[in-house]
Amino acid sequence: MMFYRLLSIVGRQRASPGWQNWSSARNSTSAAEARSMALPTQAQVVICGGGITGTSVAYHLSKMGWKDIVLLEQGRLAAGSTRFCAGILSTARHLTIEQKMADYSNKLYHQLEQETGIQTGYTRTGSIFLAQTQDRLISLKRINAGLNVIGIPSEIISPKKVAELHHLLNVHDLVGAMHVPEDAVVSSADVALALASAASQNAIVDADGRIYIRNWQGGILSGGFEKNPKPIFTEGKNQLEIQNLQEDWDHFEPLLSSLLRRMPELETLEIMKLVNCPETFTPDMRCIMGESPAVQGYFVLAGMNSAGLSFGGGAGKYLAEWMVHGYPSENVWELDLKRFGALQSSRTFLRHRVMEVMPLMYDLKVPRWDFQTGRQLRTSPLYDRLDAQGARWMEKHGFERPKYFVPPDKDLLALEQSKTFYKPDWFDIVESEVKCCKEAVCVIDMSSFTKFEITSTGDQALEVLQYLFSNDLDVPVGHIVHTGMLNEGGGYENDCSIARLNKRSFFMISPTDQQVHCWAWLKKHMPKDSNLLLEDVTWKYTALNLIGPRAVDVLSELSYAPMTPDHFPSLFCKEMSVGYANGIRVMSMTHTGEPGFMLYIPIEYALHVYNEVMSVGQKYGIRNAGYYALRSLRIEKFFAFWGQDINNLTTPLECGRESRVKLEKGMDFIGRDALLQQKQNGVYKRLTMFILDDHDSDLDLWPWWGEPIYRNGQYVGKTTSSAYSYSLERHVCLGFVHNFSEDTGEEQVVTADFINRGEYEIDIAGYRFQAKAKLYPVASLFTQKRRKDDMELSDLHGK
């Protein structure tokens with residue numbers, strides 16, 4: 001209890017300069033006084049957990065002017081996982097947001113001693129990341145390219161250079177490495193307490209060997225991530241403070257063997273101590289941050305996946321901003337608590353998934369890999385049927401979705417084991433699916449999409465939705481509107497399609513991983529009115545996407561109704577009979593820009609409707625297709641991807657035509673003021689399409705996401721998604737272009753002229769490829785491609 005009260009006193013007495021008074025407060029308050037004082041009955045904020053993240057949040061809240069701060073720790077400060085942290089502060093991360101958090105942490109810990117007068121043990125040692133395989137080296141090159149453009153010095157080095165930097169290392173099996181000279185080491189508990197000092201010399205990460213190495217008090221500290229982790233506290237039990245667990249040398253032996261192979265001279269040295277301690281991991285290897293969707297004002301920052309020291313400073317800053325301002329200064333959707341739902345809180349799921357996650361920390365992760373545990377949690381009624389027809393599965397928000405369908409003549413085992421940064425083995429399979437979507441008809445099971453119904457007894461539903469959404473929803477019954485929900489900064493909170501079912505009822509379709517976030521946003525802003533009903537109907541409907549020019553023939557035959565554009569215009573919704581089934585919501589859209597229809601089918605009719613579609617569709621060449629084909633179709637039409645391209649933007653983004661009607665009519669909606677300001681002042685980033693020019697898809701490394709974009713040789717942003725366009729026969733990337741001042745680095749307005757006048761390159765693992773920038777879909781390129789094909793066909797006939 002002493003530390004509880006002690007910190008509450010410090011939090012309330014602290015003035016704006018920060019934590020300078022901490023040391024004096026600790027020294028001037030006796031243990032007896034602390035024990036005799038009760039906790040305050042209220043505070044502006046109560047922070048539970050006195051490790052690196054909890055103290056970071058408290059520190060940043062105080063910097064932002066909050067003074068009534070209570071920090072609670074059930075044991076001693078920094079006595080949890082922070083106490084056993086190896087103290088390696090590394091900025092080498094795959095995600096940009098994680099790189100930024102680690103970079104900020106590095107800078108923060110570096111200046112803490114000067115700010116507080118208390119030693120933190122910060123020593124800039126640098127880190128070396130070793131590569132035993134070419135694929136590992138490619139992964140490091142991708143990270144290296146990302147670090148360089150955000151101002152973090154790093155370079156790819158040879159094995160010979162590794163030996164020069166660290167003479168004890170055995171480098172005979174290395175193909176290269178990455179050196180990050182400004183990485184550091186600290187004593188993590190002392191950072192949390194702002195005390196003590198630590199060691200020096202390069203830290204080493206040998207991910208292929210599953211180990212890390214650093215200097216420690218004149219000796220070596222080494223640990224790693226074993227392939228066979230042991231779960232603990234699975235029954236919810238915990239300790240007052242985390243203690244060193246019982247030694248298990250058999251369990252540690254594979255890591256020790258890796259260490260001795262890497263540093264053979266250690267064979268003669270004595271092992272002083274084996275530390276065996278627990279650590280927290282999340283289902284997707286990313287930390288958890290943000291406000292609870294269930295309890296307003298309850299914020300979470302946890303699950304650091306053994307990177308609490310590296311992320312603690314930056315993550316604490318972003319969460320403090322979120323609490324004070326309502327949103328952080330960076331897009332943190334990839335870390336947002338609301339990316340998870342109740343389905344990921346099952347103890348069995350967590351036990352199995354986390355046992356998979358820990359070994360993956362150092363495993364090589366190639367693009368589009370999938371978790372193997374916790375699968376088949378949410379499935380479409382068609383899962384077994386599609387699986388029997390060769391579907392290969394990916395998981396999104398716990399929902400199984402088909403990637404592609406393996407033909408009977410393909411080697412399934414070889415295809416499953418194929419993992420590469422280059423052209424994937426599924427390339428030809430997806431090409432045939434895309435071709436069928438464009439020339440005949442395909443069906444894609446898109447049941448995972450989030451689906452809500454909003455109804456009211458009067459006009460409340462329309463009134464509320466008009467305020468929440470940026471596009472005008474006062475449209476005739478049966479019409480579909482594509483729109484977004486914006487925040488006060490004019491950034492997207494959600495991207496969706498809404499069909500008006502009747503005057504008082506609306507059907508909302510959102511991306512799969514928006515289910516929790518979208519629900520929370522709607523409930524937060526909807527009035528507590530019993531006449532207004534929001535219902536999650538995701539589970540009630542199976543969604544089939546019928547894509548292609550022959551989709552109209554299939555549906556006309558099944559519904560005995562004309563489905564041509566004259567009778568069924570674009571972006572229109574109507575309940576129809578399909579086969580024997582009634583009440584099918586048929587929508588004239590495909591989410592791809594291709595002709596076709598979405599069928600929202602009550603689940604009890606799902607199998608019947610699918611069978612009827614496939615039976616009738618045989619004469620039109622129908623086949624199944626997956627999400628990889630969908631991705632290719634979408635990106636060549638400049639359709640953004642939620643979760644990568646337009647999520648939770650905290651700065652205004654050009655919202656296109658969807659908000660213009662409301663702005664012209666003077667209608668009020670969330671984000672309106674920001675858009676008006678944007679209209680007057682311009683935008684500071686533009687979502688842009690890039691078509692790679694000099695890229696050989698057969699021989700060159702592929703773009704996937706996160707590649708730096710260069711304009712006239714200057715860094716202007718990163719790609720957010722990428723796919724191969726089988727129509728253009730080129731790779732297409734989407735990404736935001738910024739206009740950074742060459743003098744100050746500050747962001748300036750991005751105009752269409754700025755985009756169009758630039759010469760662009762996309763950096764893929766250190767290799768730059770020329771690219772054409774487009775602000776609008778490339779219809780002209782499709783026309784050119786068709787003309788070329790027609791000419792080749794004409795030449796062939798001429799011969």
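Residue numbering note: each chain is counted from 1, following its sequence as written. Totals for whole chains, interfaces and linings use every residue, but because this is a predicted model, local features are given only for residues with pLDDT of at least 70 and side-chain atom pairs only at 80 or more, for both listing and counting. Values shown for side chains rest on all heavy atoms present in the structure; no hydrogens or waters enter the calculation.

(A) Main features of the overall build of the protein. Numbering of helices and strands runs from the N terminus; a helix is a DSSP stretch of H or I covering at least four residues, while a strand is a stretch of E covering at least two. Secondary structure summary: the protein contains 23 helices and 34 strands in total. Here the term buried applies to any residue with accessible area under 20% of the maximum for its type, exposed to any over 50%, and partly exposed to those in between, with areas from a 1.4 Å probe on protein chains only. Looking at the 799 residues of the protein, the share that counts as buried comes to 56%. Two residues form a contact once any of their heavy atoms are found within 4.5 Å. Long-range pairs, those at least 24 residues apart, make up 70% of the contacts in the protein with a sequence separation of at least 6. In these tables, accessible area is a Shrake-Rupley quantity obtained with a 1.4 Å probe, and a residue counts as shielded only by the protein chains included in the view. Summed over its atoms, the accessible surface of the protein is roughly 35300 Å², and 49% of this surface lies on carbon and sulfur atoms.

(B) Representation of the sheet that holds strand E23 (residues 573-578). Paired strands are those between which DSSP finds at least two bridges. With respect to topology, 6 strands assemble into an open sheet ordered E23-E24-E25-E22-E16-E26, the strand pairing being mixed. Looking at strand neighbours, the two that pair on one side only are E23 and strand E26 (623-624), the edges of this open sheet.

(C) Local environment of helix H18 (residues 606-617). Given a helix with a known number of residues, its expected span is that number minus one, times 1.5 Å. The first and last C-alpha atoms of H18 sit 16 Å apart over 12 residues, in line with the 16 Å expected at 1.5 Å per residue. For H18, the complete set of buried residues consists of Ala 606, Val 609, Tyr 610, Val 613, Met 614, Val 616 and Gly 617.

(D) Local environment of the packing of helix H17 (residues 551-559) against H18. Fitted lines through C-alpha atoms give the axes, limited to the stretch in contact for helices. The angle between two N-to-C directions lies from 0 to 180 degrees. Between H17 and H18, the least distance of the axes is 9 Å, while the angle of their chain directions is 120°. Seen from above, H17 lies across H18 with right-handed handedness. Together, Val 554, Glu 557 and Leu 558 of H17 and Glu 612, Val 613, Val 616 and Gly 617 of H18 make up the contact between the two elements. All residues other than Ala, Val, Leu, Ile, Met, Phe, Trp, Tyr, Cys, Pro, Asp, Glu, Lys and Arg, Gly among them, are scored as polar; the first ten of these are nonpolar and the last four charged. For the contact of H17 with H18, the residue count by class is 4 nonpolar, 1 polar and 2 charged. By the definition used in this description, the sense in which the near helix is turned from the far one sets the handedness, with an anticlockwise turn below a right angle giving left-handed and a clockwise turn giving right-handed.

(E) Representation of the pattern of salt bridges. A pairing counts as a salt bridge when a side-chain nitrogen of Lys or Arg comes within 4 Å of a carboxyl oxygen of Asp or Glu. Under the counting rule described, the total for this entry stands at 34 salt bridges. For Asp 472, the salt bridge identified is with Lys 665, shortest N-O distance 3.1 Å. Of this pair, Asp 472 sits in the loop between helix H15 (460-468) and strand E18 (480-486) while Lys 665 sits in helix H20 (residues 660-665), placing them 193 residues apart in sequence. For Lys 665, a relative accessible area of 55% corresponds to the exposed category. Ionic pairing is found between Asp 673 and Arg 672, a salt bridge with its closest N-O pair at 3.6 Å. Judged by relative accessible area, Arg 672 falls into the partly exposed class, the value being 21%. Members of the salt-bridge network, linked through shared partners, are Lys 438, Glu 594, Glu 636 and Lys 637.

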